[in-house]
Amino acid sequence: MHSISLAAEAGYAVPPLWRILTKSGYFIGLSGAIGATVTYAASIRPALRAPENNSDDVAVMRRRTAGYLAWAGVVLLVAGYFQLAARLARAGKGMPFGDALAPGRIWDFLLAPAAKGAWIAQGTIYLVQNVVLVLASAALISLFFGRARRRLNALALTALPLTLAITLVAAVPATKPKDAEKWLDLLFTQTHIVSGVVWVGGLVLLATLAAARGRLSEDAGALWADLWRRFAFIALVCVGAVFTSGLWMSWKHVGSISQLWTTTYGLFLLVKILLVLGMVTAGGVNQFWLMPRIARARRDDATSSLLHLTLRHFPKVVWAEVALGIAVLAIVPFLSGSARSEAGSPPAVSSGSVFATGAVLVLTLAASLYITVRASDALARRTTAATS
Ligand code: HEM
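Residues numbered from 1 in each chain as written. Predicted model: local features only at pLDDT ≥ 70, side-chain atom pairs only at ≥ 80, totals over all residues. Heavy atoms only, no water.

Asker: Could you clarify how one ought to interpret the packing of aromatic side chains in this entry?
Answerer: How two aromatic rings sit relative to each other is set out by the distance from centre to centre and by the angle between their planes. Here the structure, examined in full by the defined rule, presents 12 aromatic pairs. Ring centres 5.2 Å apart and planes at 0° place the aromatic pair Trp 18 and Phe 97 in the stacked group. Here Trp 18, found in helix H2 (residues 17–48), pairs with Phe 97, found in helix H4 (residues 97–100); they are 79 residues apart in sequence, far enough to count as distant. Exposure remark for Trp 18: the relative accessible area of 23% places this residue in the partly exposed category. (Phe/Tyr/Trp six-rings, centres within 6.5 Å; stacked < 30°, edge-to-face > 60°. Helix = DSSP H or I, 4+ residues; strand = E, 2+ residues; numbered from the N terminus. Buried < 20%, exposed > 50% of the residue type's maximum accessible area, 1.4 Å probe, protein only.)

Have a look at this one:
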């Protein structure tokens, strides 16, 4: 009771437009770069290496991937610049966003000395972050050029750790975190960002590549079946990570389930969770309905039906997921403040029972994801057995 009376109620403040656009833009930029390079490394590259692939299909896929990555580099660079200006506009006493766009002011901000008690200047952390961002963009943008395209592997695999470092470096604390919980905040926030952008960014890349189906041969179905299968695994890991970390962040900001509809912060979070559940449902349609049919067509050597399933049906559902994913990123900037402070609840304090409840929820989540995979596999086997 005592701590409740200490907690002051604070109304919800809609973030200014520049903040909404720069924050969504930054995460879209990260989705493009991190999502595409991770998906390339873990899903496209291994699928393209299969010896039975048609070499023309491989060439088309490599060309399209290189073009996409090059554009992702441009988007990352532009989004990074606006994000940096937004950081300046929010720093200290703040300044109008229009003024913060001036390169000279940004430069002074990056070179500002460390605050008292900080082990490193905050500006230095942002300077390193943005040097890494420029390097990652440069590696990706070079893929516009024919000669560099021949080194798609080397460039994409160089850009991959650099793109991850953009978000990780920015999270380095300038002052020592007060307690273990602050370290957990850092860990979960980064897990959330990386898994969220890998999932959304991977979906956008594959949906875009699938649009090149007109240039692919009749045999491309097998290649795409392999691609979707590999990506399904990445998406599954991301779903687990995004929900686990999202759970922690939700508990930090929301004091009770009812705050999801009694506070503005909670409402935005509720809409976000519903959108994500929509994505999971669409992913489930692909996993339970399309994957078994794809497995069957593959074993029956039904080339045209495989092509149809992998490059017409599958991408349709994936485009729906992409639309929902972009809506999720558009909502993120509205999650400002916290439901707890809006409702006057005390800040979150972790305890053994909180961790125990969290562990039960995470284990339930892991078990349901595991059952999903097993059930989908069993369905694929049953469909095959029924037709053989
Ligand atoms: C496609 C799925 C998702 C994506 C792409 C995504 C993306 C993000 C991003 C980029 C942030 C901003 C992090 C930052 O500002 O440092 C964020 C914050 C957050 N997300 Fe998610 N998220 C997803 C799913 C979820 C889910 C399922 C939950 C809840 C279970 C959730 C709960 C939260 C919360 C509570 C915050 C904290 C916002 C704040 O700082 O006040 N997210 N999300």
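Asker: Would you take a moment to explain a nonpolar patch on the surface for this structure?
Answerer: Taken together, Leu 77, Val 78, Tyr 81, Phe 82 and Val 134 make up a surface patch of nonpolar side chains, about 390 Å² in accessible area. Exposure remark for Phe 82: the relative accessible area of 34% places this residue in the partly exposed category. (Patch = residues over 30% accessible without salt bridge, like charges linked within 9 Å, V, L, I, M, F, W, Y side chains within 5 Å. Areas by Shrake-Rupley, 256 points an atom, 1.4 Å probe, with all protein chains shown as cover. Salt bridge = Lys/Arg side-chain N within 4 Å of Asp/Glu carboxyl O.)

Asker: Got a minute to help me understand the site of the ligand in this structure?
Answerer: Close contacts around the ligand come from 24 residues, with Lys 23, His 192, Tyr 265, Lys 272 and Leu 335 the closest. With respect to the ligand, the side chain of Lys 272 contributes an N or O atom lying 2.5 Å from a nitrogen atom. (Near = heavy atom within 4 Å. Polar contact = N/O pair within 3.5 Å; in protein donor to acceptor, adjacent residues only side chain to side chain.)

Asker: Which parts of the structure should I look at to understand the coordination of the iron atom of the ligand?
Answerer: Ideal geometry at a metal centre gives angles of 109.5 degrees when four donors are arranged tetrahedrally and 90 or 180 degrees when six donors are arranged octahedrally. Looking at the iron atom of the ligand, the protein donor atoms are His 192 (NE2) and Lys 272 (NZ), and they sit 1.8 to 2.0 Å from it. Considering all six donor atoms around the iron atom of the ligand, the spread of angles at the metal, 82 to 178°, places the coordination shape in the octahedral class. With His 192 in helix H9 (residues 180–210) and Lys 272 in helix H12 (residues 264–299), this residue pair connects regions lying 80 residues apart in the sequence. A relative accessible area of 16% means that His 192 is categorised as buried. In this structure Lys 272 comes out as buried when scored by relative accessible area, which is 13%. (Donors = N, O, S within 2.8 Å, 3.2 Å for Na, K, Ca; no water. Tetrahedral: all angles 85-135°; square planar, octahedral: opposite > 155°, others 65-115°.)

Asker: Would you explain the nonpolar core in this entry?
Answerer: Most often, soluble globular proteins have nonpolar side chains that are buried together. Ranked by internal contacts, the top residues of the largest apolar core, which has 83 residues, are Leu 30, Ile 44, Met 61, Ile 166, Trp 199, Leu 206 and Trp 224. The dominant element in this core, judged by the number of residues it contributes, is helix H10 (residues 220–253), at 13 residues. Built from parts of two domains, this core gets at least three residues from each of domain 1 (12–176) and domain 2 (177–388). If you look at the next biggest cluster of nonpolar residues, it comprises 11 residues, including Leu 84, Ala 85, Ala 86 and Tyr 126. (Core = buried A, V, L, I, M, F, W, Y, C linked by side-chain atoms within 4.5 Å. Domains from an automatic or database assignment.)

Asker: I tried to follow the pattern of salt bridges on my own but got confused; where do I start?
Answerer: Pairing of side chains with opposite charge becomes possible as their charged atoms draw close. All chains considered together, the criterion is met by five salt bridges. Where Lys 252 meets Asp 185, a salt bridge forms, and the shortest distance between an N and an O atom there is 3.5 Å. Taken together, the residues Lys 252 in helix H10 and Asp 185 in helix H9 connect sequence positions 67 residues apart. Judged by its relative accessible area of 18%, Lys 252 falls in the buried class. Ionic pairing is found between Asp 226 and Arg 230, a salt bridge with its closest N-O pair at 3.4 Å. Of the two residues, Asp 226 and Arg 230 are both situated in helix H10; the distance of four residues between them amounts to about one turn of the helix. A relative accessible area of 26% places Arg 230 in the partly exposed class. In this structure, a network of salt bridges that share partners links the residues Glu 181, Lys 182, Asp 185 and Lys 252.

Asker: Quick question: what am I supposed to make of helix H3 (residues 55–90) here?
Answerer: One turn of the α-helix equals 3.6 residues, which is why residues spaced by three or four share an orientation. Taking 1.5 Å per residue, 36 residues should reach 52 Å; H3 reaches 51 Å between its end C-alpha atoms and fits that length. Its side-chain oxygen at 2.7 Å from the backbone nitrogen of Asp 56, Asn 54 defines the N-terminal cap of H3. Among the residues trailing H3, Gly 92 stands out with phi positive, at a value near 55°. (Expected span 1.5 Å × (residues − 1).)

Asker: Honestly, the domain arrangement of the chain in this entry has me stumped. Any pointers?
Answerer: Interfaces are often described in size by the accessible area the parts lose on coming together. The domain architecture assigned to the chain consists of domain 1 (12–176) and domain 2 (177–388). In this assembly, 38 residues from domain 1 lie in contact with 39 residues from domain 2. When the two sides are added together, the surface that domain 1 and domain 2 hide from each other amounts to roughly 3,400 Å², 72% of it contributed by carbon and sulfur. Taken together, the connections running from domain 1 to domain 2 amount to zero salt bridges. At the junction of domain 1 with domain 2, the criterion picks out eight residue pairs in polar contact (both at pLDDT 80 or more). Among the secondary structure elements, those contributing two or more residues to the side of domain 1 that touches domain 2 are H2, H3 and helix H8 (152–170). (Contact = heavy atoms within 4.5 Å. Buried area = accessible area lost by both parts, 1.4 Å probe.)

Asker: Help me understand unusual backbone geometry in this model?
Answerer: Excluding glycine, a negative phi dihedral is what most residues carry, and trans is how most peptide bonds are arranged. For Asp 301, which is not glycine, the phi torsion reads 60° and is therefore positive. Tracing the backbone through its elements, the reader meets Asp 301 in the loop between H12 and helix H13 (303–331).

Asker: Before we go on, may I ask you to explain the environment of Ala 171 in this structure?
Answerer: Its location among the elements puts Ala 171 in the loop between H8 and H9. Note: C-alpha distance between Ala 171 and Tyr 126 (45 residues apart in sequence) is 9.5 Å. Contact partners of Ala 171, with chain neighbours within four places excluded, come to Leu 186 and Gln 190.

Asker: Before we go on, may I ask you to explain the side chain of Arg 340 in this structure?
Answerer: Inspection of the secondary structure assignment puts Arg 340 in helix H14 (residues 339–343). Buried and without a salt bridge, Arg 340 has Glu 181 as its closest oppositely charged side chain, separated by 8.7 Å. Looking at Arg 340, its side chain comes within polar contact range of the main-chain oxygen of Lys 252, at 3.2 Å. With sequence-adjacent residues up to four places away left out, Arg 340 is seen in contact with Trp 251, Lys 252, His 253, Val 254, Gly 255, Gln 259, Ser 345, Pro 346, Pro 347 and Ala 348. (Lys, Arg positive; Asp, Glu negative; His and termini not counted.)

Asker: How should I be thinking about the side chain of Thr 39 in this particular structure?
Answerer: Structurally, Thr 39 is set in helix H2. Taking relative accessible area as the criterion, Thr 39 reaches 0% and is therefore assigned buried. Setting aside its immediate chain neighbours within four residues, Thr 39 contacts Ile 44, Val 198, Gly 202, Leu 205, Leu 206 and Phe 231.

Asker: How should the environment of Leu 205 be read in this particular structure?
Answerer: With respect to the helices and strands, Leu 205 occurs in helix H9. For Leu 205, a relative accessible area of 0% translates into the label buried. Residues Leu 205 and Ser 245, spaced 40 residues apart in sequence, show a C-alpha to C-alpha distance of 24 Å. Residues in contact with Leu 205, not counting those within four places in the same chain, are Ala 36, Thr 39, Ile 44 and Tyr 68.

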